[in-house]
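# What the coordinates show
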Amino acid sequence: MDHQRNKAVLILDHSSFFARPSGVTFNVNVQNSDQQQQQDQVNNENTLGMKSLWTCIVECVLEYCRILFDIFEDDALITLIVTGIDQRDQSSCWNRYKNLSQCMDFFAGIQPPNERSLINDDDLLKHSLNEAITALCTRSKKQNIPNDLDYTNSGHIILFSTFNNKRIATIEKDAQTFHQSHNHMALEMTDFVPLTKCDLTLVDVRPLDQPIPTSNPEFNLITSILHRTLYYAQAGQMLFTRMLQILLKQHNLALTTVTGIPMKEDVASRSSLNYDVDIVHPAEVHHSLRERAPLKYWRQIKDDVETIVLKWSAFSYDPENYYDTYSAYRFSPLDVNSRESACLTNFLLSGKCVLLELGNIPNECAVNINEYGDENCFNTSENDLSSLTTTTTATNRLFSHMIISHNQELMIHAIAFGSNNPMSKIGPCYIVNDEKDNMSINDLEELMDEIDDDNLEKDLRVESFINIIRTTTLYPLETMTSGKIPIEDSLRLLERHTRRCPLLTNETILFNMPSPTNLLTSLILREKLSDDDVSKCLIALKYIDNMERNGEQLPVPNNFQYTTKIVTNKAKKDEAYRFLWREIEYFVRGYKETSDSHRHIYQNIVDRRKTDIENDSSIYQSNKIDFIFPTDETSSTSTMITKRDKNLQENNEKMNGRVWTEFNDIKQVVAANSLRDMWNRKQQEKRAPEFDGRAEYPPPRLIPLYVNLNSKTSLTNPIGIQPILTTNISEKI
Amino acid sequence: MPTILLIDCSLGMAERFSFVTKQQNNMATTMNIEKRSLVAKIIESLMTNTNSPTKLETIALVFFAGRDTIKIVQHFTKNTDDIIKSVQKLPIFGDFSLKSAIDFAKKYLTTTFGGQRSQKILVFTDSSHRDDDPIKESTYNNSNQMDIDLRKVITNDERDKTSLSNSTTDISFVCIRKPSSSDRARLEDITEQTQCSFSKIYWLLNRDVENNTTITNEMIQDVITQIKSDIMDVFISILKCGHYESQLAVYPKIKPAILQTTGELLQPSNTLTVNGFIELSSIRSAMATSKHILLPIQRYTRPQPPMPMFATKKSAISSSSSSSTTATANSSLTTQKKSNAANNFYYLLLISLKKEKSAALISVNDQWFGAIHCQKFERKKKSSRLILSVFEPGDCIPWISSFERLGPYALVFPPANNSELVYKKQQWPVKPFARSYTETFLIWCRQNNFQNDINKFVRASAKLPDKVNIFHRELNKICRGAFIYGLRDRLFHLLRQLFQHQIQTNKIKPDGIKYVQNVIMYMNRLSSSDRYIKYEETSA
């Protein structure tokens, strides 16, 4: 809807002619059961009334407005003019009727036409025509600034009146003169836009008893930009059909009939269980069908209007599926107040969504595989057989559209139809191999083995991430505080929440701690801390201190990442506490710049002197990402990142951290398991308590033991192996 | 993505070339082979070493020659061996009609996959024809006449517009010789007529080297590399969420897109940044310009201990491998760990999105957004993948008025006085606009609409004095309608008559009569009034 919408001016002739009865009747008596109807037959003469032509026209005009407002909302540019009724404020032509109820108010304020004719009816019509063209040349909201779009200003004038040849000629002449003079004016005045295309639609309305000369419209080109079309219509149903035809043509709309909608309440009455609802929407909705086959296969003519028939499908009503949709347009039911439409709209407004199904695809528009192929093409491996069978059966079930409500707006989506999804059966990961040789099939199968989601879930800190998701679930903001972009708040929140948060459960003790320690991890994330919060945090710290003194067990996760092969319980516990303090320090340090209170808490931790504070690298190894690059692919993008990656590696080499390298070293040594290693391990066990003290070494902190180990690892593993500790990339960029 | 290999089997494909293969001992063997064998060789080497283990591509093989000589040799498959097998014996038929073949291929794609985006057709043909070959010349002329439909020229403008925005099928051509400019124009023309988008022509031999008809393995390899990088390539990208990162393969590549408001061409950035999350029931299948599968990257290393997919097994393995003392085991262990570590965030996001039934809103570039959601992949096993839907750049989703004006839950609904944040799904604000299907409007366009409204009103009168409110509500509706539609004289007159008749025939309960009489008086007043006045009980 980015292109400009056509403007529409509707002129209603208010002359005495329209006070005449139309022949369309209405009945005020209740008509329900047959029995009563017979009884009431006698009284019918007292309850039957006849509508005037005026009433019939107003009914149609309001329906026209209703559909436009439903589909285009603020973009429905409508101006209503009744001859002889002065409206004056031309400046706000296109803002005057913002919705249907304002249009209704307009008509409610107008007296029905007088039965006595006035002399100057023709002059009044001429005046209204002038008014209409003025309105079309007036800027709409979207045109408020003069630009190139000024030259695509087009509009429609629909005139409901009664015509004869002479009258048509005068109207055409008048329209032409007004149009030309206005376009001249538009060249000089910025308030005006030249009218570059104008359709003048005349509707000759007659009572039911007067026959119409032709049911086809008559066209006439007055000038290259001014076209005239004349419709004849009898009041009532025919007028309504004409109006619908005009509406669809002028605004490029189309009809779809949703067929076979099941209705529960009819079960008892044994009548038809399914019903149809016609909906109006922009014609673009049907484009997706054209890709498949010409529209004629689904087309039906209903009351002189074309409609595309699509079947309601009970396939899925779940709006929590994400369907492949490529476009969405508003729609409105054609007969909005009917029971069937109300039933459908209520169903959709309650949040459900419905897929619409195509009937059979005509044979000439599909490829019959059996016809074009031969036995040969079925020598497919077992894998593909399933997809083959779906192809043959899928022809019976093709979903082409989806109807759904978005925040109480009804929308129709075109979906990528065809149930055979090419995305299915794709392996669970993308494999990169450094070596040029082929992989063995066994390995491949192992790699490509589907991973069970439940298996994945075990070690991930899903619960905590779900909390982050909830905190940053996005909702539209009505009011904006100046200078702040709401989505950036979300980015900031995400940054803060993920700054010092481990991905795996087996990497952390801190995040497994029970109350009151868990307060620490949630409170620190806040931007502002009250005094109460600060004291809560300090209590949490004190609590851990007490635990350590009492020698309580810590909730060390299974498969804890950093456990060394220390056997004795005490050493294990000590190690766990060391890790915990290290973790706390690392965690709080990440937030110490947030406020003074944060800094205060951090200082408290430092003062406890439980840990070495100089290390800047992340202690959660799996939070870091090692970039892997396909060597067989030579796209520019990947080489670019590789370069960046190399820089990073170099950086990391220089600033390799100390504490956790040590742990890793130990692990490697343990793994080697030689006599010396075993001795080392024992030494380590013995030495474990003195770890605290070592932390207080004055800089430069010398660790003479494993100086060469880094260079050794890089020697044995030529290219692909990254250093054991890499720094969080985001911190470096 | 579905790809059709469309292979030319016309007479011209029997033309012979000398093909030189270099043996390992540097001995060159020259073979005299036909073009069709060359095509077979190209396809064979194209099919080997594509990302076959991941099974990204699904490929079908179609032979074509004349207008009706079209044959599906291999139905869509992910098994590259089948393709290679089928391509070994290429037949030769007489005629050549490219357009009908492409039309067929398009139809074949839609039959199998429906209106999916990013479908590809790869045509293997030798469009170049030697000037001294009169037979071929005439065939081309014929096909030209056949192909160009003069009626279509008129609608060219209109179609261009639609074909640019809506065409879902890319066509590339693989030729033995570089096509001359007229040949090229013809290929482009056919592409346009079949409403596909023309992407590229690849060739083995340059045209200007007339005499040199020798083709080497290297030439084939060159072409293959080109085709692979254009068509079969994945897009390696980084998914970022705050400090969490994961590297992934995006397939198919995200194509550059145009920002409608400024006309600026936007390139997808290498980093997909998570901006926040939207519940699936709120994003409601927002329309996307393209869909992409996101796969974690797994490094394959040569020394093969059983490769665990995920860190869970890591510690188990590290303990088991601690007994093996080889250095290689150690090093592969670390690599393994690393490649897994890089995927941890991917899996965390996958599981969390699945559990929360939520989608991650990501930015592809400035003002260009997309959504990642989790989709179940296998029916039997519980296995899922992340799917990226790329939206049109700018704010193009009607029910999300502006991406930038979306705020995080914690700030939009801040918890009261410093308490913990408790998430509760909130309704999205409804745009204040009176829609005819959400509010009741008096539409009397159809006979039964009016009848229903009147029936409700008259029935309500029979229930008086119960449900007076409903009666008055209906009364006000009818009276307003009478004013809007210019019906009041007749309608009020009839209604008055009706009610008087109802009272006389005792259809209205005695207690209700006074209400009805009040209403009759009110209608009397209204019919002489200029404007509609709402009925209120006190006014009686």
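Quick caveat, the model's predicted, so the values are computed rather than measured. The numbering scheme is per chain: residues are counted from 1 as the chain's sequence reads. Whichever chain is written first becomes A and whichever ligand is written first becomes 1, with later ones labelled in order. Whole-chain, interface and lining totals are the exception, using all residues; otherwise, since this is a predicted model, local features are given only for residues with pLDDT of at least 70 and side-chain atom pairs are given and counted only at 80 or more. The basis for every side-chain value is the complete set of non-hydrogen atoms in the structure, without hydrogens or water.

## A few points about the overall build of chain A
The condition is simple: A run of H or I in DSSP counts as a helix once it spans at least four residues, and a run of E counts as a strand once it spans at least two, with each numbered from the N terminus. The classification of residues rests on relative accessible area computed with a 1.4 Å probe and restricted to protein chains. Under 20% of the type maximum is buried, over 50% is exposed, and intermediate values are partly exposed. The contact criterion used is simple: two residues touch if any of their non-hydrogen atoms lie within 4.5 Å. Under the convention used here, a 1.4 Å probe and the Shrake-Rupley method define accessible areas, while residue burial counts only the protein chains that appear.
The number of helices and strands found in chain A is 25 helices and 19 strands. The buried share among the 733 residues of chain A stands at 55%. Within chain A, residue pairs in contact and separated by at least 24 positions form 76% of the contacts whose partners lie at least 6 positions apart. Put simply, chain A shows about 33,600 Å² of open surface, and 51% of that area lies on carbon and sulfur atoms.

## A few points about the sheet that holds strand β6 (residues 119–124) of chain B
All names here are of chain B. For clarity, the threshold we go by: Two strands make a pair as long as DSSP finds a minimum of two bridges between them. Axis definition: a line fitted to C-alpha atoms, over the contacting stretch in the case of helices. Angles run 0 to 180 degrees between N-to-C directions.
Spatial ordering of the open sheet is given by β5-β4-β1-β6-β7-β8, a layout of six strands whose pairing is mixed. The open sheet has two edge strands, β5 (70–77) and β8 (197–205), and neither has a second partner. For this sheet, the mean angle separating the axes of adjacent strands, direction not counted, is 15°. On top of the sheet, helix α1 (residues 35–47) reaches β1 (2–8), β4 (58–64), β6, β7 (169–177) and β8; it is set at about 145° to β6, its chief contact. Against the sheet, helix α3 (residues 98–113) touches β1, β4, β5, β6 and β7, its axis set at about 35° to β5.

## A closer look at the side chain of A:S338
Assignment of secondary structure puts A:S338 in the loop between β14 (332–333) and α9 (339–349). A residue is classified by how much of its surface remains accessible, and A:S338, at 7% relative accessible area, is buried.

## Overview of the domain arrangement of chain B
All names here are of chain B. Under the convention used in this document: In this document the domain limits rely on a domain assignment from an automatic tool or a database. Salt bridges are counted wherever a side-chain nitrogen of Lys or Arg sits within 4 Å of a carboxyl oxygen of Asp or Glu. N or O atoms within 3.5 Å of each other form a polar contact, as long as, within protein, one can give a hydrogen and the other can take it, and as long as residues adjacent in sequence are counted only when both atoms are side-chain atoms.
The domains assigned to chain B are domain 1 (2–129 + 167–232), domain 2 (235–300 + 342–430) and domain 3 (447–528). Contact with domain 1, which involves nine residues of that partner, is made by seven residues of domain 2. Along the contact surface separating domain 1 from domain 2 lie one salt bridge. Among the salt bridges present, the one from D170 reaches K255, with a minimum N-O distance of 3.3 Å. For the pair domain 1 and domain 2, the number of links is one residue pair in polar contact (both at pLDDT 80 or more).

## Focus: the nonpolar core
Formally: Remark: nonpolar core denotes a set of buried residues (Ala, Val, Leu, Ile, Met, Phe, Trp, Tyr, Cys) joined through side-chain atoms within 4.5 Å.
Counting 122 residues, the largest nonpolar core has A:L80, A:F107, B:L491 and B:L495 as the members making the most contacts within it. Examining the composition of this core, we find that 15 residues originate from one element, helix α3 (residues 53–72) of chain A, more than from any other. Residues within four places of B:L495 in sequence aside, it is in contact with A:V28, B:I454, B:F457, B:I478 and B:M523. Grouped together as the second largest cluster of nonpolar side chains are 74 residues, A:A540, B:C241, B:F277 and B:L388 included.

## So, a negative patch on the surface
Applicable threshold: Here a patch means residues that are over 30% exposed by relative accessible area and free of salt bridges, tied together within 9 Å if like-charged and within 5 Å if nonpolar (Val, Leu, Ile, Met, Phe, Trp, Tyr). All tallies of charge rest on Lys and Arg as positive and Asp and Glu as negative; His and the ends of each chain are not included. To locate a charge, the coordinates of NZ of Lys, CZ of Arg, CG of Asp or CD of Glu are taken.
Taken together, the side chains of A:E488, B:E264, B:D366, B:D395 and B:E404 make up a negatively charged region of the molecular surface. Along the chain, B:D366 falls in the loop between β16 (358–365) and β17 (368–376). Classification of B:D366 as exposed rests on a relative accessible area of 55%.

## Some points on the domain arrangement of chain A
Here chain A is described as being made up of domain 1 (7–29 + 47–143 + 151–251), domain 2 (252–373 + 396–421) and domain 3 (453–476 + 487–615). Taking only C-alpha atoms into account, the centre of domain 1 of chain A sits 71 Å from that of domain 3 of chain A.

## Thoughts on the environment of B:L239
Residues and elements named next belong to chain B. Relative to the helices and strands, L239 resides in strand β10 (residues 235–241). On a C-alpha basis, the gap between L239 and N448 in space is 58 Å, while along the polypeptide they are 209 residues apart. In this structure L239 touches Y244, E245, S246, L248, L272, V274, F345, L349, I362 and I372, once residues within four positions along its chain are discounted.

## Some thoughts on the pattern of salt bridges
Considering all chains together, one arrives at 37 salt bridges over all chains under this definition. With a closest N to O distance of 2.6 Å, A:R330 and A:E409 form a salt bridge. Of this pair, A:R330 sits in strand β13 (residues 325–330) while A:E409 sits in strand β17 (residues 409–415), and the two are 79 residues apart along the sequence. The pair A:R330 / A:E409 is uniform in exposure class, with both members buried. Between A:R492 and A:D489 there is a salt bridge whose closest N-O contact spans 2.6 Å. Of this pair, A:R492 and A:D489 both sit in helix α15 (residues 486–498), three residues apart, which is roughly one turn of the helix. A:R492 sits in the partly exposed class, given a relative accessible area of 41%. Through salt bridges with shared partners, one network takes in A:E63, A:R66, A:D70, A:D335 and B:R446.

## What about the packing of α1(B) against helix α2 (residues 80–87) of chain B?
Residue and element names in this part refer to chain B. Quick reminder of the rule: Throughout this description, any angle smaller than 35 degrees is read as roughly parallel, any larger than 145 degrees as roughly antiparallel, any in the 65 to 115 degree range as roughly perpendicular, and the remainder as oblique.
Contact geometry of α1 with α2 gives a least axis separation of 9 Å together with a crossing angle of 170°. Between α1 and α2, the interaxial angle falls into the category roughly antiparallel. Residues A40, I43, E44 and M47 of α1 pack against T80, I83, I84 and V87 of α2.

## Let's talk about the packing of aromatic side chains
We describe a pair of aromatic rings using the distance from one ring centre to the other and the angle between the two ring planes. Stated precisely, the cut-off is as follows: For Phe, Tyr and Trp, rings pair up if their centres lie within 6.5 Å, where Trp contributes its six-membered ring, and each pair is then called stacked (planes under 30 degrees apart), edge-to-face (over 60) or tilted (otherwise). Put simply, a charge is over a ring when the Lys NZ or the Arg CZ is close to the ring centre, within 6 Å, and near the line of the ring normal, within 35 degrees.
Under the counting rule described, the total for this entry stands at 28 aromatic pairs over all chains. For the pair A:Y475 and B:F413, a centre-to-centre distance of 5.3 Å together with 80° between the ring planes defines the contact as edge-to-face. Taken as a pair, A:Y475 in strand β19 (residues 474–476) and B:F413 in the loop between α12 (409–412) and α13 (447–463) lie in two separate chains rather than in one. An aromatic cluster of three or more residues is present, and its members are A:Y475, B:Y409, B:F413, B:Y423 and B:W428. Over the ring of B:F450 we find A:K51; its NZ or CZ atom is 5.9 Å from the centre of that ring. In this arrangement the basic side chain of A:R500 is found over the ring face of A:Y586, its NZ or CZ atom lying 4.1 Å from the centre.

## Re the sheet that holds strand β5 (residues 154–161) of chain A
The pairing of strands in a sheet comes from backbone hydrogen bonds and takes either a parallel or an antiparallel form. All names here are of chain A. As summarised here, the arrangement of the six strands in space is β4-β1-β5-β6-β8-β7, forming an open sheet in which the pairing is mixed. The strands lining the two open edges of the sheet, one partner per strand, are β4 (77–82) and β7 (218–221). Pairwise comparison of adjacent strand axes, ignoring direction, gives a mean angle of 15° for this sheet. The pairing of β7 with strand β8 (residues 226–234) spans four bridges and is antiparallel. When the bridges of β8 are listed, N220 appears paired with R228. Strands in contact with α3 are β1 (7–12), β4, β5 and β6 (197–206); relative to β1, the strand with the most contacts, it is inclined by about 170°. Across the sheet, helix α6 (residues 165–188) touches β5, β6, β7 and β8, and the angle it forms with β8 is around 145°.

## What to know about the environment of A:P294
Residues and elements named next belong to chain A. Counting through the fold element by element, P294 comes out in the loop between α8 (287–290) and β11 (299–302). Residue classification places P294 among the partly exposed residues on the basis of a relative accessible area of 42%. A C-alpha to C-alpha distance of 50 Å links P294 and N467, two positions 173 residues apart in sequence.

## Points about the packing of helix α5 (residues 121–137) of chain A against α6(A)
All names here are of chain A. What counts here: Handedness of a helix crossing follows the sense of rotation of the near helix relative to the far helix, less than a right angle counterclockwise being left-handed and clockwise being right-handed. Polar here means any residue other than Ala, Val, Leu, Ile, Met, Phe, Trp, Tyr, Cys and Pro, which are nonpolar, and Asp, Glu, Lys and Arg, which are charged; Gly is therefore polar.
Where α5 contacts α6, the axes come no closer than 10 Å and their chain directions differ by 35°. For α5 against α6, the interelement crossing comes out right-handed. Across the interface between the two elements, D122, L125, K126, L129, N130, I133, T134 and C137 of α5 pack against R167, I171, D174, A175, F178, H179, H182 and N183 of α6. Looking at the contact of α5 with α6 residue by residue, the class counts come to seven nonpolar, five polar and four charged.

## With respect to helix α4 (residues 100–108) of chain A
The set of residues buried in α4(A) consists of A:L100, A:C103, A:M104, A:F106, A:F107 and A:A108. Sitting at the head of α4(A), A:N99 places a side-chain oxygen 3.1 Å from the backbone nitrogen of A:S101.

## A short note on the pairing of β6(A)
Residues and elements named next belong to chain A. Threshold: For crossovers, right-handed means that the path from the first strand over the helix to the second runs clockwise, given strands pointing away from the viewer.
Within β6, nine of the ten residues are buried, which leaves the element mostly enclosed by the surrounding structure. Where β5 and β6 come together, eight bridges link them in parallel fashion. Its bridge partner being in β6, S161 is matched across the sheet by D204. Each parallel crossover has a hand, and for β5 linked through α6 to β6 it is right-handed. Two elements, β6 and β8, share nine bridges in a ladder whose sense is parallel. Within β8, the position partnered with D199 by the bridge is H227.

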